[in-house]
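Per-entry structural report
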Amino acid sequence: MADKPNQGWQGEVSELLARAARLCVEHDVEMEPFMRGATAAYFDARPGLREYLEDKQLQATLDELRKAGRMASA
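All of the points below concern the structure found in this document. (Residues numbered from 1 in each chain as written. Predicted model: local features only at pLDDT ≥ 70, side-chain atom pairs only at ≥ 80, totals over all residues. Heavy atoms only, no water.)

1. Section: the overall build of the protein chain
When its secondary structure is counted, the protein chain shows 3 helices and 0 strands. For the protein chain, the succession of helices and strands along the chain, N to C, is α-α-α. Here the protein chain holds 74 residues, and 5% of them are scored as buried. Carbon and sulfur atoms make up 57% of the accessible area of the protein chain, which amounts to about 6,600 Å² in all. (Helix = DSSP H or I, 4+ residues; strand = E, 2+ residues; numbered from the N terminus. Buried < 20%, exposed > 50% of the residue type's maximum accessible area, 1.4 Å probe, protein only. Areas by Shrake-Rupley, 256 points an atom, 1.4 Å probe, with all protein chains shown as cover.)

2. Thoughts on unusual backbone geometry
Phi is positive for Asp28, which is not a glycine, with a value near 55°. Checked against the element boundaries, Asp28 lands in the loop between helix H1 (9-26) and helix H2 (31-45). The exposure class assigned to Asp28 is exposed, which follows from its relative accessible area of 68%.

3. Considering the packing of H2 against helix H3 (residues 49-67)
Closest axis-to-axis distance for the H2/H3 pair is 8 Å, and the angle between their directions is 105°. Judged by the inter-axis angle, H2 sits roughly perpendicular to H3. Facing Ala40, Tyr42 and Phe43 of H2, the residues of H3 in contact are Leu49, Arg50 and Leu53. Class assignment of the residues belonging to the contact of H2 with H3 gives a composition of 5 nonpolar, no polar and 1 charged. (Axes fitted to C-alpha atoms, helices over the stretch in contact; angles between N-to-C directions. Parallel < 35°, antiparallel > 145°, perpendicular 65-115°, else oblique. Contact = heavy atoms within 4.5 Å. Nonpolar A, V, L, I, M, F, W, Y, C, P; charged D, E, K, R; others polar.)

Written out as structure tokens, the structure is:
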């Protein structure tokens, strides 16, 4: 994809996302699978991010259980 004048990486990303969205619409792909695919592609590009977010969610859940007195703290 050739760079247009004054088009940075953000412009390229916008064009790629728009193209992907048009293809999905043309092939009757619903929004949810499109979004899942985009999210999966992002996680694939950032190794370790999914695990990091899962760990943060688990920690938040444990903190809430402790605050509610439903789990002992060590």
